[in-house]
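# Chains, contacts and geometry: an overview
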Amino acid sequence: MKKCAICGWKVKHKKVDIPALLKNKLLMIREVPADVCCECEEIYYTLEVARKLEAIEDKFMQGTIKPAPLKNAYELPLPA
Ligand SMILES: [Zn+2]
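What comes next is a walk through the structure. Starting afresh in each chain, residues are numbered from 1 along the sequence in its written order. For a predicted model such as this one, the threshold for reporting local features is a pLDDT of at least 70, and the threshold for listing and counting side-chain atom pairs is 80 or more; totals across whole chains, interfaces and linings nevertheless cover every residue.

### Concerning the environment of Arg30
As for its position among the elements, Arg30 is in strand β2 (residues 25-37). On the basis of neighbour counts, which here come to 12 C-beta atoms within 10 Å, the residue Arg30 falls in the exposed class. Measuring from C-alpha to C-alpha, the distance between Arg30 and Cys7 comes to 26 Å, with 23 residues separating the pair along the chain. Contact between residues is assigned whenever the C-beta positions, reconstructed from backbone atoms, fall within 7 Å. Sequence-distant contacts of Arg30, defined by excluding residues within four places in its chain, comprise Asp17, Glu75, Leu76, Pro77 and Leu78. A run of DSSP states H or I qualifies as a helix once it reaches four residues; a run of E qualifies as a strand once it reaches two. Both are numbered from the N-terminal end. Residues with at least 20 other C-beta atoms within 10 Å of their own are called buried, those with 12 or fewer are called exposed, and the rest are partly exposed. The C-beta atoms themselves are positioned from the backbone.

### Section: the environment of Lys23
Relative to the helices and strands, Lys23 resides in the loop between β1 (11-22) and β2. Judged by C-beta crowding, with 8 C-beta atoms within 10 Å, Lys23 ranks as exposed.

### Brief notes about the nonpolar core
Nonpolar core, as used here: buried Ala, Val, Leu, Ile, Met, Phe, Trp, Tyr and Cys residues forming one set through C-beta atoms within 7 Å. Core analysis: the largest hydrophobic core is formed by 5 residues, namely Leu27, Ile29, Val32, Ile56 and Phe60. Looking at this core, the elements with two or more residues in it are β2 and α1 (47-62). The biggest single contributor to this core is β2, with 3 residues.

### Section: the pairing of β2
Walk down a regular strand and you will see the side chains alternate between the two sheet faces. Here the rule is simple: two strands pair whenever DSSP picks up at least two bridges between them. The sheet contact formed by β1 and β2 spans 11 bridges and is antiparallel. Paired with Val16 across the bridge in β2 is Val32. If you look at the hairpin formed by β1 and β2, you'll find 2 residues sitting between the two strands, and Lys23 has a positive phi there, around 50 degrees. In the sheet, β2 pairs with strand β3 (residues 43-44) via 2 bridges, with the strands oriented antiparallel. Across the sheet, residue Asp35 finds its bridge partner in β3, namely Tyr44. With antiparallel pairing between neighbouring strands as the criterion, β2 and β3 make up a hairpin whose turn holds 5 residues, including Glu41 at a positive phi of roughly 65 degrees.

Right under this line is the structure:
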């Protein structure tokens, strides 16, 4: 059983939306698999997921991907 590094409570595996503020634009990366603390809601990802998030953020910054704007944010599912 994994435990939260901050408060010591158990973490639960689920899919979460991760907001990233880039160039003053909010990018919501959706359906990101992560372990979330039941108590303090700290989010933990695997290294693989962290790398995917970084890759998306880089592409977004370079303008390689242009997700459709949604309200005041951009939204994108995490690619497989
Ligand atoms: Zn915690």
